[in-house]
Amino acid sequence: MKVIVVGSSHGGYETVRGILAAHPETEIQWYEKGDFLSFLSCGMQLYLEGTVKDVNAVSYATPAGMRAQGVHVYTEQEITTVHPDRQTVHVINHATGEERDEGYDKLVLAVGAVPFDLPVPGHDLENVYAMRGRDWAIKLKAKTVDPNIKNVVVIGSGYIGIEAAEVFAKAGKHVTIVDMLPRLLSLYLDAEFTDTLTQTMADHGIQAATGQGVKAFEGKNGKVTKLITDQGEYPADLVISAAGIRANTGFLKDVVALDDHGLIKINDYLQTSDPNIYAVGDATLVPFAPTGQSNRIALATNARRQGRIAAKNIFGDQVTMPAVSGSSALSVFDYHFASTGIKAGTSEKLGVKSQSVLVTETAQPAFVPNDAGNAKVWFKLTFDPADGRILGAQIMSKKDVTANINTISLAIQANLTVYDLAYTDFFFQPGFDRPWNIMNIAAQKAIDSLK
């Protein structure tokens, strides 16, 4: 069998790995239109802050390594057209200018998403950057040490925007985050968490300009100098746009069925409207465990699960994509937080009735004499008020206690309730935690609220 995989980020990488593991005899053609294979944008902050020294190390695969396993790797070669009736793709080699057609038995689309380009005046000015991919990482790294860059404006307060803001604040720049939403990180955390994080960012020179829409960029001599919103103006020597992503599916409009947002429609087995074409990654929806509906959750973990499952199903297996909880985590200066599932702030939009309890306590017993042990922990548990079914949770502390969220993710996927969680067995050692795990305490508090 000949399989063509388009795209080399998480979904494409796992598809190729899965095929190699189970069917190494397969002819695999792997295409990446850029000049670098499998760059991991989720590791960009580590490179920009100098934790990782070599930008080329932010990858899980190299062309040489994959070719040694029998994979035909093509970088700087773009698939521009798919002909499902003939089961062929049209390829342009950007290095040589040559074009050709290639046939396939199965095609896996891991085309991903690209940064959303704000359609406002001045968006094409110099020093208006994105933060996605290796090329942007190299450009951003240079700007962290550019003495001419004093004021940085970040558009968007999701994970990418917050990472960008922290990088440039640590580099000594004055940073402003502009977002249409009323709170920073509001899609991931409720106000009890974001209030503290917003103050922490302010303490480190990051100004929040929330509830504001971008109207224009202004510049001088072709370079951006100012960002204008519907409520104010902000000086900007550099603008980093992290205002969301759009599916990279323009060339697939007449090839497979797309939804109103340009996302590829897939079934439970990751097949598109053409049974010989599969799709994985950020250009698709995934089943969301708390609601039982499909949702857009652009996370590397989801793309990787899809890649492994597609690798099985193209050979005739009938493996369905498991429901996910949308678990994620991030550090903001000294704080570490994680969330999963539904939050109080997102339940209404999702059409779900929910109830929540908040627990705060120290990470370890009071007699433990260290800063980590005395670190405050915030934990918020969200559940269905009708039956106590666990719907989501958030946790934050200066001590890294984020792994607790993995337990809640499993509880969501297993349809566990607060009654199950209240007395679940967790270990205790005072050097690590408290006699009652904070998840136990929150579940017990939830039960009391339901009486």
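Residues numbered from 1 in each chain as written. Predicted model: local features only at pLDDT ≥ 70, side-chain atom pairs only at ≥ 80, totals over all residues. Heavy atoms only, no water.

As recorded in an unreviewed UniProt entry, the protein chain goes by FAD-dependent oxidoreductase and comes from Lactiplantibacillus songbeiensis. Turning to the protein chain, the UniProt annotation filed under Cofactor (unreviewed entry) states: "FAD". According to the UniProt record, the Sequence similarities (unreviewed entry) comment for the protein chain reads "Belongs to the class-III pyridine nucleotide-disulfide oxidoreductase family." (UniProt positions renumbered as here; feature names shortened; annotations may be inferred.)

### Notes on the overall build of the protein chain
Scanning the protein chain from N- to C-terminus turns up 11 helices and 25 strands. The C-alpha radius of gyration of the protein chain comes to 23 Å, within 12% of the 22 Å expected for a compact globule of 451 residues. Along the first, second and third principal axes, the C-alpha atoms of the protein chain reach 70 × 60 × 40 Å. When the 451 residues of the protein chain are sorted by exposure, 52% land in the buried category. If you sum the accessible surface of the protein chain, you get close to 20100 Å²; carbon and sulfur atoms cover 50% of it. Within the protein chain, one finds 40 positive and 49 negative side-chain charges whose respective centroids are separated by 3 Å. (Helix = DSSP H or I, 4+ residues; strand = E, 2+ residues; numbered from the N terminus. Rg over C-alpha atoms; globule rule 2.2 N^0.38 Å. Buried < 20%, exposed > 50% of the residue type's maximum accessible area, 1.4 Å probe, protein only. Areas by Shrake-Rupley, 256 points an atom, 1.4 Å probe, with all protein chains shown as cover. Lys, Arg positive; Asp, Glu negative; His and termini not counted. Charge placed at Lys NZ, Arg CZ, Asp CG, Glu CD.)

### Things to note about the packing of aromatic side chains
Following the criterion strictly, the structure yields 9 aromatic pairs and no others. Note on Y423 and W436: the rings are 5.8 Å apart at their centroids and 75 degrees apart in plane angle, and the pair reads as edge-to-face. Within this pair, whereas Y423 is found in the loop between α10 (418–421) and α11 (438–450), its partner W436 is found in the loop between α10 and α11, the two being separated by 13 residues in sequence. Classification of Y423 by relative accessible area gives exposed; the value is 61%. Each member of the aromatic cluster is reached from another via a ring pair, and the members are Y159, Y188 and F337. The positively charged end of K139 is found above the aromatic ring belonging to W136, 4.5 Å away from the centroid. Positioned above the aromatic ring of Y47 is the side chain of K141, whose terminal nitrogen or guanidinium carbon lies 5.2 Å from the ring centre. (Phe/Tyr/Trp six-rings, centres within 6.5 Å; stacked < 30°, edge-to-face > 60°. Lys NZ or Arg CZ within 6 Å of the ring centre and 35° of its normal.)

### Points about α11
Over its 13 residues, α11 extends 19 Å from the first C-alpha to the last, a length consistent with the 18 Å expected when each residue adds 1.5 Å. Every buried residue belonging to α11 is among I438, M439, N440, A442, A443, Q444, A446 and I447, and all of these are buried. Residues of α11 that are buried in the fold lie against β23 (355–362), β24 (376–383), β25 (390–397), α9 (404–413) and α10. Backbone nitrogen of M439 and a side-chain oxygen of the N-cap are separated by 2.7 Å at the start of α11; the cap is N437. (Expected span 1.5 Å × (residues − 1). Contact = heavy atoms within 4.5 Å. Polar contact = N/O pair within 3.5 Å; in protein donor to acceptor, adjacent residues only side chain to side chain.)

### Concerning the layout of surface pockets
What the second largest pocket holds in volume is close to 310 Å³. For the lining of the second largest pocket, the secondary structure elements donating two or more residues are β23 and α11. Its residues placed into classes, the lining of the second largest pocket shows 10 nonpolar, 3 polar and 5 charged. (1 Å grid on protein atoms, 1.4 Å probe; cavity = no way out; pocket = protein on both sides within 12 Å on 5 of 7 lines; lining within 4 Å. Points joined across faces, edges and corners; volume = space filled by probe spheres on them. Nonpolar A, V, L, I, M, F, W, Y, C, P; charged D, E, K, R; others polar.)

### Here's the deal with the sheet that holds strand β14 (residues 223–229)
What the 3 strands build is an open sheet, ordered β13-β14-β15; its pairing is antiparallel. Only two strands of the sheet have a single neighbouring strand rather than two, namely β13 (214–220) and β15 (233–235). Put simply, the sheet's adjacent strands are angled 25 degrees from each other on average, direction ignored. Examined bridge by bridge, β14 and β15 share 3 bridges and lie antiparallel to one another. Bridge assignment links K226 to a residue of β15, and that residue is P235. (Pairing = 2+ DSSP bridges. Axes fitted to C-alpha atoms, helices over the stretch in contact; angles between N-to-C directions.)

### Examining the sheet that holds strand β4 (residues 77–83)
Across the sheet, 3 strands lie side by side as β4-β5-β6; this open sheet has antiparallel pairing. Taken across any chain shown, the strands that pair with only one partner, and hence form the sheet edges, are β4 and β6 (99–103). Strand-to-strand, the axes of this sheet are offset by a mean angle of 30 degrees, without reference to chain direction.

### Thoughts on the nonpolar core
Within the largest apolar cluster, 40 residues are counted, with the highest numbers of intra-cluster contacts made by L197, M201, I240 and F337. For M201, the contacting residues outside a window of four places in its chain are I162, I177, L184, I206, V332 and F333. Membership of the second largest hydrophobic core comes to 31 residues, among which are V3, V280, V286 and M321. (Core = buried A, V, L, I, M, F, W, Y, C linked by side-chain atoms within 4.5 Å.)

### Here we look at empty space enclosed by the protein
Inspection of every chain in the model, using the stated rule, returns 1 cavity of 30 Å³ or more. One number sums up the size of the largest cavity: a volume of about 40 Å³. In terms of lining residues, the largest cavity is bounded by G281, D282, T284, V286, I297, A298, L299, N302, A303 and Q306. Looking at the lining of the largest cavity, the element that brings in the most residues is helix α7 (residues 300–313), giving 3 residues.

### Digging into the environment of Y188
Summarising the element assignment, Y188 is placed in the loop between β11 (174–179) and α6 (191–203). With a relative accessible area of 25%, Y188 lands in the partly exposed category. Distance from Y188 to F337, taken between C-alpha atoms, is 9.6 Å for residues 149 residues apart in sequence. Discounting chain neighbours no more than four positions away, the residues touching Y188 are G158, Y159, S328, S339, K343 and Q394.

### Details of the pairing of strand β2 (residues 27–32)
Consecutive residues of a regular strand have side chains that alternate between opposite faces of the sheet. Counting buried positions along β2 gives 5 out of 6 residues, so the element sits mostly inside the fold. Where strand β1 (residues 2–6) lies against β2, 5 bridges are found, and the strand directions are parallel. In the sheet register, K2 faces β2, and the bridge partner there is E27. In this fold, the crossover linking β1 to β2 by way of helix α1 (residues 10–22) has right-handed handedness. Bridge analysis of β2 against strand β3 (residues 72–75) gives 4 bridges, and the strand direction is parallel. Bridge pairing in β3 links Y31 to Y74. (Right-handed = clockwise from strand over helix to strand, strands pointing away.)

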